[in-house]
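What the coordinates show
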Amino acid sequence: MEQLLIDLKQRVDEDWLIGYDSGEFTQQAVELYLHLKQKSHRDTPPKIILAERNPIKFLAGFIAAVAVNCPIFLCNPDWVESEWQQVFELVQPDLILGQEAQAQSKLLNCRGNFNEISRVSANWLLKPTPLPITNYQLPITNSPILIPTGGSSGKIRFAIHTWETLIASVSGFKQYFDVKQVNSFCVLPLYHVSGLMQFMRSFTTGGRLVILPFKALELGTTSNIDPGEYFISLVPTQLQRLLQHKSNWLAEFQTVLLGGAPAWTELLSTARKYRIRLAPTYGMTETASQIVTLKPDDFLQGNNSCGKVLPHAEVTICSPKGEILDTKNTGNIAIKSNSLFLGYYPQEKNINTTFQPDDLGYFDENGYLHIIGRNSNKIVTGGENVFPSEVEAAIKSTNLVIDVCVIGLPDRHWGQVVTALYIPKHSKVSTDILKTALEHKLCKFKRPKYWFPVESLPRNAQGKVNREKLKKLSMGLIANGS
């Protein structure tokens, strides 16, 4: 993997990291690579936690660790103490890159909750007292790239990828969009697969990369580029915010990739009205981002599906017994892909086996994939199936709420009852007004029985809601008679 450093040095004079010094990035990556190489002379290379907030330091750490064949665990610098406790216990790292993670490890060590480990300071200098290598053995070649995924449960897991699985995703993307060079405008976190893959596409295809915090973009900061040459990736809540005051700017982009969480019909209609070249996607950390994508021209013509399967993947719809279903039949989604993860750390599995996420969907007669919802989120009330995504979309279409999440709560008579937690658009929005607005949008058994106005919903950076936390909150409100 030392070829990565060679490739990086060949681009040292290019201004490909827009807004940053590309030469400084190369220098930092090479410097850290040399330090890590000194630490990697033993049989098992050190496991590294990477939680750098600075994009240049993050990417330099990523490239250096991969080049040395060190297992690299990508982490969110904004995790709280309990989350870091969980990560440290799971990973047992040998080295830490990132001040926030270093501070948490010191705190937990002082409390006796974690052993002292080596750290890399802000100027990359290594301390000389590493923790002995733990029992779990990771392969030296094709070294793991471990990407965090928590889904809606909030429990952190790491999906095991390699450089090869990430490159397979890039190759499928290039072929599907018929581009040789990918320029990316990244406002998503680099530690997450959604941000990391934007770097991978640009770096490995000789493209350019803009990295800008979404908050800065909302406040008016942009970049001196031609958007028509760039792909930008957003989650639905980000798209909703940008449509309010940057719709003309968004419409200039070559493609606006949309993923991370289901988009509601009204949002898609608004984007179409402004002629946004939107490309809704279906994918996940386990598949190294998108494996299904709707092309912008199809979207502008009124298609609201997730699109067609990318060339590096295969998606089938199966019955609960594993039988492959014909078109228009809803069933469990099954995935085979060259970009498929090897398993969750520390348990590996054979690559390219079939992966079944918790999603339900169907293919229409033209080969477009439609996602119905998550099987585990399905609410069974009085023997009827209710999918939260459908109810949420109906509530959002009333234009009376800023955000909403629908969950199922246990009930002795109905099994489960549909429950909505929502952020009202203004103080005059009441439960009665919402109920009236839904009368002609949803049949009776799909309408929420419980309605709870809240000030915020616990969403992560990709827009996914922590449903377990909301269930606990709702049960508490019911117990208190709210």
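Scoring rules and cut-offs
Residues numbered from 1 in each chain as written. Predicted model: local features only at pLDDT ≥ 70, side-chain atom pairs only at ≥ 80, totals over all residues. Heavy atoms only, no water. Helix = DSSP H or I, 4+ residues; strand = E, 2+ residues; numbered from the N terminus. Buried < 20%, exposed > 50% of the residue type's maximum accessible area, 1.4 Å probe, protein only. Areas by Shrake-Rupley, 256 points an atom, 1.4 Å probe, with all protein chains shown as cover. pLDDT = per-residue confidence, 0-100. Contact = heavy atoms within 4.5 Å. Salt bridge = Lys/Arg side-chain N within 4 Å of Asp/Glu carboxyl O. Pairing = 2+ DSSP bridges. Axes fitted to C-alpha atoms, helices over the stretch in contact; angles between N-to-C directions.

Attention shifts here to the overall build of the protein chain. The helix and strand tally for the protein chain stands at 15 helices and 22 strands. Relative to its 482 residues, the protein chain shows a buried fraction of 55%. Working note: accessible area of the protein chain is about 21300 Å², and carbon and sulfur atoms make up 48% of it.

With that settled, consider the confidence of the model for the protein chain. Residue-level pLDDT values for the protein chain average 87, and 90% of them are 70 or greater. Segment residues 121–141: pLDDT under 50, and 58 contacts once partners within four positions in sequence are set aside and those in other chains are kept.

Below, the discussion takes up the pattern of salt bridges. Inspection of every chain in the model, using the stated rule, returns 13 salt bridges. Among the ionic pairs, Arg-11 bridges to Glu-14, the shortest N-O distance being 3.1 Å. With a relative accessible area of 6%, Arg-11 lands in the buried category. Among the salt bridges present, the one from Lys-471 reaches Glu-468, with a minimum N-O distance of 3.9 Å. Here Glu-468 and Lys-471 lie together in helix α15 (residues 467–479), a separation of three residues that amounts to about one turn. Given the relative accessible area of 28%, Lys-471 is considered partly exposed. Counted as one network, the salt bridges with shared partners bring together Arg-53, Asp-78 and Glu-100.

One open sheet holds the three strands; their spatial order is β20-β21-β22, and the pairing between them is mixed. In this open sheet, the two edge strands, each paired with only one partner strand, are β20 (401–411) and β22 (450–453). Neighbour to neighbour, the strand axes of the sheet diverge by 25 degrees on average, direction disregarded. When β20 meets strand β21 (residues 415–424), the two strands line up antiparallel, connected through 10 bridges. Within the sheet, the bridge partner assigned to Val-404 lies in β21 and is Tyr-422. Lying over the sheet, helix α14 (residues 431–438) contacts β20, β21 and β22, oriented at roughly 125 degrees with respect to β22. Running over the sheet, α15 touches β20, β21 and β22 and is turned about 70 degrees from β20.

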